[in-house]
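# Analysis of the macromolecular model
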Amino acid sequence: MERRCVLIPWSKEEVRAVIRYEWARGVSGTEIHNHLVEVYGPGVMSKQMVRRWCRTFSDGRPQVMDIPRAGRTHTATTDANVGKVDYMIRANRRITIDEVAEELGISHQRAQNIIHDILR
């Protein structure tokens, strides 16, 4: 009896590399999707997305990594906000990340980034 193992976790790039390899071998998008589900499980990628990646490789794209694109900048991580957070922590060592975020009107993630990554 053949024993199969579902590979979890997996990265987008890993799955795209498998798609590119199978596409280069001439395997159809539907067959590639079936192989991916067999190895990575049902939540790996939709059949439509596999077909889209096959088309993308057919159009000449060689890489499987995401292409950098313009996005929203981190406007909350300014020198002014870093200074305010530093002052707030020195004034009250028990202040929470949520209190800092609420006081400055920034996200919890940005407040945490300032406290842990910038101010250390």
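Bear in mind the structure is a predicted one, so any value in this text is a computation, not a measurement.

## Quick look at the environment of Glu-99
Tracing the sequence through the fold places Glu-99 in helix 5 (residues 97–104). The exposure class assigned to Glu-99 is partly exposed, which follows from its relative accessible area of 41%. For the pair Glu-99 and Ala-111, spaced 12 residues apart in sequence, the C-alpha to C-alpha distance is 9.3 Å. Only 2.9 Å separates the side chain of Glu-99 from the backbone nitrogen of Thr-96, close enough to count as a polar contact.

## Topic: unusual backbone geometry
Negative phi characterises most residues that are not glycine, and trans characterises most peptide bonds. One non-glycine residue, Arg-120, lies in positive phi territory at about 55°. Relative to the helices and strands, Arg-120 is located in the segment after helix 6 (108–118).

Cut-offs and rules
Residues numbered from 1 in each chain as written. Predicted model: local features only at pLDDT ≥ 70, side-chain atom pairs only at ≥ 80, totals over all residues. Heavy atoms only, no water. Helix = DSSP H or I, 4+ residues; strand = E, 2+ residues; numbered from the N terminus. Buried < 20%, exposed > 50% of the residue type's maximum accessible area, 1.4 Å probe, protein only. Polar contact = N/O pair within 3.5 Å; in protein donor to acceptor, adjacent residues only side chain to side chain.

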